[in-house]
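Chains, contacts and geometry: an overview
Chain residues, written in single-letter form:
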Amino acid sequence: MIIVGENIHIISKAISRAIDSRDVKAIQALAVAQSDAGVHYIDLNLGPARKDPIAMTEWLVKTVQTAVDLPLSIDTLSPVAMDVGLKMCKRRPLLNSISGKADSKEHMLPLAKKYSTEVVVSVLTDKGCPMDVASRSESIMETVAYANRLGIPNEDIWVDPILLPVSADQSQAKEVLEFIRILPDILPGVKSTLGLSNLSNGAPAALRGLLNRTYMMMLGRCGQYSVIADALDRQLMALNRGEMPEYVKLVYQVMDGESIDVASLPADARDYVKTAKVLTGEKLYSHSWLED
Amino acid sequence: MQYRAPVEAYTGTVREITLGTGAKTLKLGGETALPFHFFDQGSIPNAPRLALEVWDMPPKDWARWVVEPFQDVISDPVKWAQKCVACGADAVCLQLVSADPAAGDTPPEIAAQLVKAVAEAIPVPLIVYGPDDEKKNAVVLAKVAEVCRGQNLLLGPAVKENYEAIAKPVLEHGHCVIAQTSLDINLMKELNIKICKSFPPDRVVIDPVSSALGYGMEYSFSIMERIKQTGVIFKDGMTQMPIIANLAGESWKTKEAKEDRNQGILWEGMTAVSLLLAGANLAVLRHPETLRYVKKLFGLK
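In this report, the structure presented in the accompanying data block is examined. Numbering of residues starts from 1 in each chain and follows the order in which that chain's sequence is written. Chains carry letters from A onward and ligands carry numbers from 1 onward, assigned in written order. For this predicted model, a pLDDT threshold of at least 70 governs which residues receive local features, and a threshold of 80 or more governs which side-chain atom pairs are given and counted, while totals over whole chains, interfaces and linings are taken from all residues. For the side-chain quantities, the full set of heavy atoms in the structure was used; hydrogens and water were omitted.

**Structural notes on the overall build of chain A**
- The way it works is that DSSP assigns letters per residue, a run of H or I at least four long becomes a helix, a run of E at least two long becomes a strand, and they are numbered from the N terminus. What chain A contains, in helices and strands, is 12 helices and eight strands.
- Each radius of gyration reported is based on C-alpha atoms, and the globular scaling rule is 2.2 Å times the count of residues to the power 0.38. Relative to a compact globule of 292 residues, whose C-alpha radius of gyration would be 19 Å, chain A shows 19 Å and is just as compact.
- Principal-axis analysis of the C-alpha atoms gives chain A an extent of 55 × 45 × 30 Å.
- Each residue gets one of three labels from its accessible area relative to the maximum for its type: buried under 20%, exposed over 50%, partly exposed in between, using a 1.4 Å probe on protein chains only. Across the 292 residues in chain A, those meeting the buried criterion constitute 55%.
- Contact criterion: two residues are considered in contact whenever any of their non-hydrogen atoms come within 4.5 Å of each other. The long-range share in chain A, meaning contacts at least 24 apart out of those at least 6 apart in sequence, stands at 71%.
- Carbon and sulfur atoms form 52% of the exposed surface of chain A, whose accessible area is close to 12400 Å².
- For chain A, the separation between the mean place of its 31 positive charges and that of its 36 negative charges on side chains is 4 Å. Surface accessibility in these figures is a Shrake-Rupley result with a 1.4 Å probe; residues are shielded only by whichever protein chains are displayed. Charged residues are defined here as Lys and Arg on the positive side and Asp and Glu on the negative side; His and the ends of the chain fall outside this count. To locate a charge, the coordinates of NZ of Lys, CZ of Arg, CG of Asp or CD of Glu are taken.

Quick look at the structure:
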């Protein structure tokens, strides 16, 4: 699976401070760490970029590109910042993201055409976030058709089904898996992505990685093309390289409803099984799901 | 071609809990089918129960039609509780309102003595809801548990912040506990897991918080439904406990209940009927007329 490293994002206080103070070393260290970990793209999450969008974006893109030679994903709500960012990218960038909202189609989507980028297209519309497979399909087909009319082909589009935290709405994990499964049928040629860490938002901090990694295995089986994820989660990157097939096998068994002798498993394998059971919806989520 | 109606045979069981002792016991739960699904293969051994509530101090802002059935006993919780039984209540629910620091801040020892007096005066089991303040509630219920040792009362609410302080004395002195979370099924399960680490699951009753018709009832409804389904269909051990709908206070504080007598009774009644359909095993009501209507509607004795 293609990994887009999420680690340079403005929500983190440390990163926000580093950007504000133009701390080249700190940003480059994080870019190099992600590159060394094996990511395929680096996401630069600038957020709303209200303060000084042009200067901030120019500095950040320049700083990262000096240190690593990877394609960048520019992630911001500001069309001004997006324009600057995309223009500066040495390699073909990923525009993260546009949605079915009128504002986004009008002000952001043309930038994908202008700079001939790849583009993340999410299922969001002005009506909000669709909550099941059918409504996700409806909204994404509409938005992608709009993008096609602008001259952006399916192959340049990465569909984002918008993953909600499992602790907020457990049913969404299942819905997204099913949506990814049928995506090639409804929109042949499109790629897919999503913000993997959003799944574990609200869960106990120490257990977030486990949720993210388990879900990544399940997404992989459904044909997911890429995830925006924590590059510094070593186990996640190792899993993605195929280094832990025994965990993958167990997770697939849970997905297939096969009975597993949990008691006979080592503790870490048991944790993956329990987590998979929550993500398939078999077990009701609670923060103590590993003790259930 | 013969039509054969599909029949469900679920294998999850809601644990049966017994409240009270000796001649005055009440069983809740025990079902292996969804609420009122008498057409399915499972059994529903215990009908839903209705309690009437009693306050430990005369209420100040109740509509007169709610005071009216109890006006001669409203200052005497013992007599009030006895009248509730005469009105057909299967259990009495004593609300220790005055124990809250914001109300009278009644000391735990006084509150406990009142609970004992009420428990001994009625031929049905007693449910006790302590004050809203979690810290005060913990010390009050600990004292109540001790003073009423062996009576197997249903005491609560135990919440995330105080369940350890409450569960220990409740278990030690032989009572059952109400585990309460506010309209969140995941937090409800979390609390049950935590409580059941050192407390028997067959002495736990779930209170997912009951909102009144028009004021969030559908949230309570969906959660109660999901608790039942997760327990009976999917056999999740941490949702296989009976559910209590403590709905009287919420129903009667609505504008609608305060502006018209019949409307108020219907407000409480519709909230109760809906939540019983969703899976509440026991509903706490305030007006005896509501109790009569609900019993009649469901064919309860």
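Next comes the rest of the write-up.
**A few points about the nonpolar core**
Residues and elements named next belong to chain A.
- Core analysis: the biggest nonpolar cluster contains 91 residues, and Ile8 and Tyr215 have the highest contact counts within it.
- Residue contributions to this core peak at eight residues, all from helix H9 (residues 208-222).
- Residues contacting isoleucine 8, with those up to four places away along its chain left out, are Ile15, Ile27, Leu30, Ala31, Gln34, Ile42, Asp43, Leu44, Asn45, Leu60 and Val64. Among the buried residues, those of types Ala, Val, Leu, Ile, Met, Phe, Trp, Tyr and Cys that are joined through side-chain atoms within 4.5 Å form a nonpolar core.

**Concerning the side chain of A:Arg213**
- Considering the arrangement of structural elements, one finds A:Arg213 in helix H9.
- Two N or O atoms form a polar contact when they lie within 3.5 Å of each other; inside protein one atom must be a possible hydrogen donor and the other a possible acceptor, and for residues adjacent in sequence the pair counts only when both atoms belong to side chains. One polar contact links A:Arg213 to A:Asp233, side chain to side chain, over a distance of 2.9 Å.

**Side note on the packing of aromatic side chains**
- Two aromatic rings, drawn from Phe, Tyr or Trp (for Trp, its six-membered ring), form a pair once their centres lie within 6.5 Å of each other, and the interplanar angle then sorts them: stacked below 30 degrees, edge-to-face above 60, tilted otherwise. In this structure the tally under the stated criterion is nine aromatic pairs over all chains.
- Within the aromatic cluster, the residues linked to one another by ring pairs are B:Trp55, B:Trp62, B:Phe70 and B:Trp80.
- Here the guanidinium or amino end of A:Lys105 rests over the ring plane of A:Tyr146, the centre of that ring lying 4.8 Å away.
- Here A:Arg221 stacks its cationic end above the ring of A:Tyr252, 4.3 Å away from the centre of that ring. The rule is short: NZ of Lys or CZ of Arg within 6 Å of the ring centre and within 35 degrees of the ring normal puts a charge over the ring.

**Things to note about the pattern of salt bridges**
- Definition used for salt bridges: Asp or Glu carboxyl oxygen within 4 Å of a side-chain nitrogen of Lys or Arg. Tallied over the full model, the rule gives 28 salt bridges over all chains.
- Across the pair B:Asp105 and B:Lys136 runs a salt bridge, and its minimum N-O distance is 2.7 Å. Here B:Asp105, found in the loop between strand E4 (91-95) and helix H3 (108-121), pairs with B:Lys136, found in helix H4 (residues 134-147); they are 31 residues apart in sequence, far enough to count as distant.
- A relative accessible area of 11% places B:Lys136 in the buried class.
- When salt bridges with common partners are traced through the structure, they connect A:Lys283, A:Asp292, B:Lys189 and B:Asp236 into a single cluster.

**Quick notes on the interface of chain B and chain A**
- Each partner contributes to the interface: chain B provides 12 residues, whereas chain A provides 10 residues.
- Both faces combined, the contact of chain B with chain A buries some 960 Å², and carbon together with sulfur accounts for 50% of it.
- Two parts lose some accessible area (1.4 Å probe) when they are put together, and adding that loss for both gives the buried area. Considering only the side of chain B, the residues that lose the most area to chain A are B:Asn186, B:Lys189 and B:Glu190, jointly responsible for 49% of the buried surface there.
- Where chain B packs against chain A, one counts two salt bridges.
- Ionic pairing is found between A:Glu291 and B:Lys197, a salt bridge with its closest N-O pair at 2.4 Å.
- Where chain B packs against chain A, one counts six residue pairs in polar contact (both at pLDDT 80 or more).
- Contributing elements (two or more residues each) for the side of chain B that touches chain A: helix H6 (185-195) and helix H7 (217-232) of chain B.

**Some details on a negative patch on the surface**
- Among the surface-exposed residues, B:Asp132, B:Asp133, B:Glu134 and B:Glu161 lie close enough to one another that they form a single negatively charged patch.
- Tracing the backbone shows B:Asp133 in the loop between strand E5 (126-129) and H4. Grouping into patches uses exposed residues only, defined as over 30% relative accessible area, and leaves out salt-bridged ones; the cut-off is 9 Å for like charges and 5 Å for nonpolar side chains (Val, Leu, Ile, Met, Phe, Trp, Tyr).

**Considering helix H5 (residues 163-172) of chain B**
Residues and elements named next belong to chain B.
- Where H5 is concerned, the buried positions are Tyr163, Ile166, Ala167, Pro169 and Val170.
- Among the structural elements, H4, strand E6 (154-158), strand E7 (176-180) and H6 are those in contact with the buried residues of H5.
- One or two steps after H5, the chain reaches glycine 174, where phi turns positive at roughly 80°.

**Remarks on the pairing of strand E3 (residues 49-55) of chain B**
All names here are of chain B.
- Across the seven residues that make up E3, a large majority, six, are buried.
- In this description, strands pair whenever DSSP reports at least two bridges between them. Two strands pair when backbone bridges link them, and E3 and strand E10 (residues 282-285) are joined in this way by four bridges, in the parallel orientation. Looking at E10, one finds that alanine 51 is bridged to valine 284.
- Both E3 and E4 contribute to a ladder of five bridges, which runs parallel. For tryptophan 55, the partnering residue across the bridge sits in E4 and is glutamine 95.

All quantities given are derived from atomic positions and should not be read as evidence of function.
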